[in-house]
Amino acid sequence: MGRIYNFSAGPATLPEAVLQEAAEEMLDYRGTGMSVMEMSHRSKAYETIHNEAIADLRELMNIPDNYKVLFLQGGASTQFAMIPMNLMKNRVADYIITGQWAKKAYKEAQLYGKANAVASSEDKMFTYIPDCSDLPISPDADYVYICQNNTVFGTKYHTLPNTKGKLLVADVSSCFLSEPIDVTQYGIVYGGVQKNVGPAGTVIVIIREDLITDDVLPGTPTMLRYKTHADANSLYNTPPTYGIYICGKVFKWLKQRGGLAAMRDYNEKKASILYDYLDQSQMFKGTVEKKDRSLMNVPFVTGNPELDAKFIQEAKERGLENLKGYRTVGGMRASIYNAMPMDGVIALVEFMRDFERRNG
Ligand SMILES: *Cc1c(COP(=O)(O)O)cnc(C)c1O
């Protein structure tokens, strides 16, 4: 039994070195005689894990002092509600709809106020990012919301929208730590970690300090207030300790590899192997506009659902798994997150070439 190349969109592949290390520490974490998941979240050993993870993330992302890092639960989807509950002072927010996750966030915000769809790419099945240089931003909008990398459709913002001075809030679940970002451009950057950082169950929220207040919508539960968690360094209640521990190991792995600029170079090289192949293939076609391509999620089709199914099946037999496209979209999708090695993408392209030769 060996490890396969796992192209799943999430939960997704993690660095083998991290899994190895976690395995070695499973029964006895560094002389404590117990596993991290059995440990009090108030213990010295856990406190060190927690605070090192925060410090390493700050260093990796170059997070300014006036931003807090929070480890929360409830998946990225809970943020769809938590954001309006905490930020919608005027009960108005502008959403840019570039895929199903942005759309879900937009729908959720409608429960709390007036959410405006100021741009959308739904007219072409979300295969592009709309021009966001001069949007009809609402004068009283509390924030402008984007999903920065669209996991399902494989598009990404290569430039951030012009929010005309409004606060920018971004879901970066599927591009977290894949390249450097300028945190100062955002009010909130958040993501579920199960795409690119760690195990499902942990959400990281990076939030500007002035947005952490008691001035939230009436009825906002204690657990859904950023202030609750910020005041307690994400230890108000039991945090997802094991998930944070694994995220911390991934942060150290990223630092060893040269940080986010090095990851961007690696991810660009990796993605271009696949995109270059798609661009010359007679059988496989990328489905999104070239200028808006994601580095992390690469959807493609043959145009023939039977051939797609055959491809997915044969790929699986070769240890190239989870290449099926999102259930509502069909075709194929290769998610090539940080932990997917170059060799995995090379193996995929070799197999695609071989499949095309045999079936073309
Ligand atoms: C997967 C995903 C979500 C949903 O995450 P959950 O943790 O399952 O709630 C939200 N946004 C993006 C961009 C995603 O990729």
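Because the structure is predicted, anything quoted here is derived from the model rather than measured. (Residues numbered from 1 in each chain as written. Predicted model: local features only at pLDDT ≥ 70, side-chain atom pairs only at ≥ 80, totals over all residues. Heavy atoms only, no water.)

1. Digging into the overall build of the protein
Each helix and strand in the protein was counted, giving nine helices and 14 strands. For a compact globule of 360 residues, the expected C-alpha radius of gyration is about 21 Å, and the protein comes in at 21 Å, within 12% of that figure. Taking the principal axes of its C-alpha atoms as reference, the protein extends roughly 65 × 60 × 30 Å. Residues classed as buried in the protein amount to 57% of the 360 residues present. Per element, the accessible surface of the protein, about 15300 Å² overall, is 50% carbon and sulfur. Once the 40 positive and 42 negative side-chain charges of the protein are each reduced to a mean point, those two points are 2 Å apart. (Helix = DSSP H or I, 4+ residues; strand = E, 2+ residues; numbered from the N terminus. Rg over C-alpha atoms; globule rule 2.2 N^0.38 Å. Buried < 20%, exposed > 50% of the residue type's maximum accessible area, 1.4 Å probe, protein only. Areas by Shrake-Rupley, 256 points an atom, 1.4 Å probe, with all protein chains shown as cover. Lys, Arg positive; Asp, Glu negative; His and termini not counted. Charge placed at Lys NZ, Arg CZ, Asp CG, Glu CD.)

2. Details of the pattern of salt bridges
Under the criterion given, the structure shown has 24 salt bridges. Measuring nitrogen to oxygen at the nearest pair gives 3.0 Å for the salt bridge that ties E314 to R358. Of this pair, E314 sits in helix α8 (residues 305-317) while R358 sits in helix α9 (residues 342-359); the two residues are 44 residues apart in sequence, bridging distant segments of the chain. Sharing partners across several salt bridges, the network here consists of K310, E314, R318, D354, R357 and R358. (Salt bridge = Lys/Arg side-chain N within 4 Å of Asp/Glu carboxyl O.)

3. A word on the domain arrangement of the protein
One can read the domain layout of the protein as domain 1 (17-256) and domain 2 (258-359). Taken together, the 28 residues of domain 1 in the interface contact 24 residues of domain 2. A combined buried area of about 2200 Å² lies between domain 1 and domain 2, and 55% of that area is made up of carbon and sulfur atoms. Joining domain 1 to domain 2, the criterion identifies zero salt bridges. Our enumeration of links across domain 1 and domain 2 arrives at 16 residue pairs in polar contact (both at pLDDT 80 or more). For the side of domain 1 that touches domain 2, the elements supplying multiple residues, two or more each, are α2 (44-61), β6 (149-150), β7 (155-156) and α6 (241-256). When residues in the side of domain 1 that touches domain 2 are grouped by element, the largest group, four residues, is from α6. (Domains from an automatic or database assignment. Contact = heavy atoms within 4.5 Å. Buried area = accessible area lost by both parts, 1.4 Å probe. Polar contact = N/O pair within 3.5 Å; in protein donor to acceptor, adjacent residues only side chain to side chain.)

4. Considering the site of the ligand
Lining the immediate environment of the ligand, one finds G75, A76, S77, F80, W101, C147, N149, T151, D171, S173, Q194 and K195. Within the side chain of D171, an N or O atom sits 2.6 Å from a nitrogen atom of the ligand. Within the contact set of the ligand, an oxygen atom lies 2.5 Å away from a side-chain nitrogen or oxygen of K195. In the complex, 87% of the free accessible area of the ligand, which totals 390 Å², lies under the protein chains. Tallying contributions element by element places helix α3 (residues 75-87) first for the shell around the ligand, with four residues. For the shell around the ligand, the class distribution of residues is four nonpolar, six polar and two charged. (Near = heavy atom within 4 Å. Nonpolar A, V, L, I, M, F, W, Y, C, P; charged D, E, K, R; others polar.)

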